[in-house]
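# Fold and contact review
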Amino acid sequence: MSLNYIETGRVDPCFNLAFEEYILKNKLSGDWLMLWQNENTIVVGLNQNAAEEINAAFVEAHGITVVRRTTGGGTVYHDLGNLNYSFITDALDRTELSMEKFCRPVCEALGAMGVEAHLSGRNDILVGDKKVSGVAQRIHKDRILHHGTLLFKSNPEMIAGALNADPAKFISKSSKSVKSRVGNISDFLPEDITVAQFKNEIQRRLCAEGAVMRTLSAEEIAEIEKNADEKYRSWDWTYGRSPKFAFHNKARFDGGTLEVSLNAEKGRIVKIRFSGDFMALTECTDAENALVGVRLRREDVMRALLTTDIPYSFGAISAEEIADTVISTEERK
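All values derive from a computational prediction rather than experimental measurement.

Analysis parameters
Residues numbered from 1 in each chain as written. Predicted model: local features only at pLDDT ≥ 70, side-chain atom pairs only at ≥ 80, totals over all residues. Heavy atoms only, no water. Helix = DSSP H or I, 4+ residues; strand = E, 2+ residues; numbered from the N terminus. Rg over C-alpha atoms; globule rule 2.2 N^0.38 Å. Buried < 20%, exposed > 50% of the residue type's maximum accessible area, 1.4 Å probe, protein only. Contact = heavy atoms within 4.5 Å. Areas by Shrake-Rupley, 256 points an atom, 1.4 Å probe, with all protein chains shown as cover. Lys, Arg positive; Asp, Glu negative; His and termini not counted. Charge placed at Lys NZ, Arg CZ, Asp CG, Glu CD. Core = buried A, V, L, I, M, F, W, Y, C linked by side-chain atoms within 4.5 Å. Polar contact = N/O pair within 3.5 Å; in protein donor to acceptor, adjacent residues only side chain to side chain. Salt bridge = Lys/Arg side-chain N within 4 Å of Asp/Glu carboxyl O. 1 Å grid on protein atoms, 1.4 Å probe; cavity = no way out; pocket = protein on both sides within 12 Å on 5 of 7 lines; lining within 4 Å. Points joined across faces, edges and corners; volume = space filled by probe spheres on them. Nonpolar A, V, L, I, M, F, W, Y, C, P; charged D, E, K, R; others polar.

Turning our eyes to something else, we now look at the overall build of the protein chain. From N to C terminus, the protein chain includes 14 helices and 15 strands. Radius of gyration (C-alpha) of the protein chain: 20 Å, near the 20 Å computed for a compact globule of 333 residues. Overall size of the protein chain, expressed as C-alpha extent along the three principal axes, is 65 × 45 × 35 Å. Buried residues in the protein chain amount to 55% of all 333 residues. Counted over contacts in the protein chain with a minimum sequence separation of 6, partners at least 24 positions apart contribute 71%. By element, 49% of the accessible surface of the protein chain is carried by carbon and sulfur atoms, the whole surface being about 15200 Å². Charge separation in the protein chain, taken as the distance between the mean sites of 41 positive and 48 negative side-chain charges, equals 4 Å.

This is the structure:
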């Protein structure tokens, strides 16, 4: 079966994310590839607290768009020196959903251009010790979206200035800052090329076995525009997913940062919210709903968590680690 290749034709992050979501939810057969770019943008992970992830003064001063995506993982910065890719395909077998499976063709494409890249950790593609790509995934029914960045010639000063990075991430990665950890692919190429030439080369290599060029109808574009306006441009979607809670805890594990906020009455959970940069394939709603009414005892929390699909909702963070974080919540002052 030929690969379906499509481009958004825009650099508007809200439109592009709505476009990607439309393909995921409406093109229900075959393999799809998107290549796309955003103008200056901070893209917050599905389960993150947007206000805590950005340098608000810097963002406002530089006219940077802030938007939330529908995949887990951490916050990233996009500009026109960055190229994004999206793979959308069937997700019928869990053993076929590994990050490595989807990153391999990207690493091979870079390798063919003289850049020796490899997947490292949970969701980073590295060249040497420099991160040149961050990737994430989500499941929708029987389809999976895997997407990632390709830092070709992004501005490192903007990346460092726009993000409020958690120092714990750099302790665990033996690195001092965002700026020192990220790298541009252009620095590793044997010869200078433009980002447009790089995009064409990546497209050619990822579509090497054949591709059908696709476009969407005016009616489909109108539906995407509507979703971009109502969802991705809305304050509620980007910032309003972080209500205030009385109790709070935050912990970092090999699987990522997990933050728990909850309200409790008479020793039982009344409301709970999970956030963090863990590599979720779905929202944490099932786990949150399962814990409402549960006593704040570790065994009760564990019992409720094990009725849900922990790997889909929390990636590599275990039920035991989640339970420990829930039970260790403290009242905010």
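Now that the structure has been shown, the text picks up again.
For the rest of this paragraph, the subject is the nonpolar core. Ranked by size, the top nonpolar core spans 37 residues in total, and within it Y85, L110, I125, L150, I185, F198 and I202 carry the most contacts. At the level of secondary structure, the elements contributing two or more residues to this core comprise β1 (3-6), β2 (32-36), β6 (82-90), α4 (99-112), β8 (124-127), β9 (130-140), β10 (143-151) and α8 (195-206). At seven residues, the largest contribution of residues to this core is made by α4. Ignoring anything within four residues of it in the chain, the contact list for L150 reads G81, N82, L83, Y85, V106, L110, V132, S133, I185, F198 and I202.

Before going further, it helps to spend a moment on the side chain of H146. Mapped onto the elements of the fold, H146 is located in strand β10. A polar atom in the side chain of H146 sits 2.9 Å from the side chain of Q137. Excluding its chain neighbours within four sequence positions, the residues that come into contact with H146 are Y85, S86, F87, M99, F102, C103, V135, A136 and Q137.

Under the definition given, this model contains 21 salt bridges. Linking K131 and D124 is a salt bridge whose minimum nitrogen-to-oxygen distance equals 3.3 Å. The pair K131 / D124 is uniform in exposure class, with both members buried. Two residues, R252 and D277, come together in a salt bridge whose shortest N-O distance is 3.6 Å. With R252 in strand β12 (residues 247-253) and D277 in the loop between β14 (268-276) and α11 (285-291), the pair connects residues that are 25 residues apart, well separated along the chain. Taking relative accessible area as the criterion, D277 reaches 4% and is therefore assigned buried.

With that out of the way, let us pick up the environment of I185. For I185, the position within the fold is in the loop between α7 (178-181) and α8. On the basis of relative accessibility, which here comes to 0%, the residue I185 falls in the buried class. C-alpha separation for the pair I185 and K153, spaced 32 residues apart in sequence, amounts to 6.9 Å. Apart from residues lying up to four places away in sequence, I185 is in contact with L110, V115, V132, L150, L151, F152 and F198.

What follows covers the layout of surface pockets. Of the pockets and cavities examined, the largest pocket occupies roughly 550 Å³. What lines the largest pocket is a set of 19 residues, among which L3, F87, P105, L206 and E209 lie closest to the centre. Where the lining of the largest pocket is concerned, the elements lending two or more residues are β6, α4 and α8. Take the lining of the largest pocket: its biggest share by element is five residues, from α4. Its residues placed into classes, the lining of the largest pocket shows 11 nonpolar, three polar and five charged.

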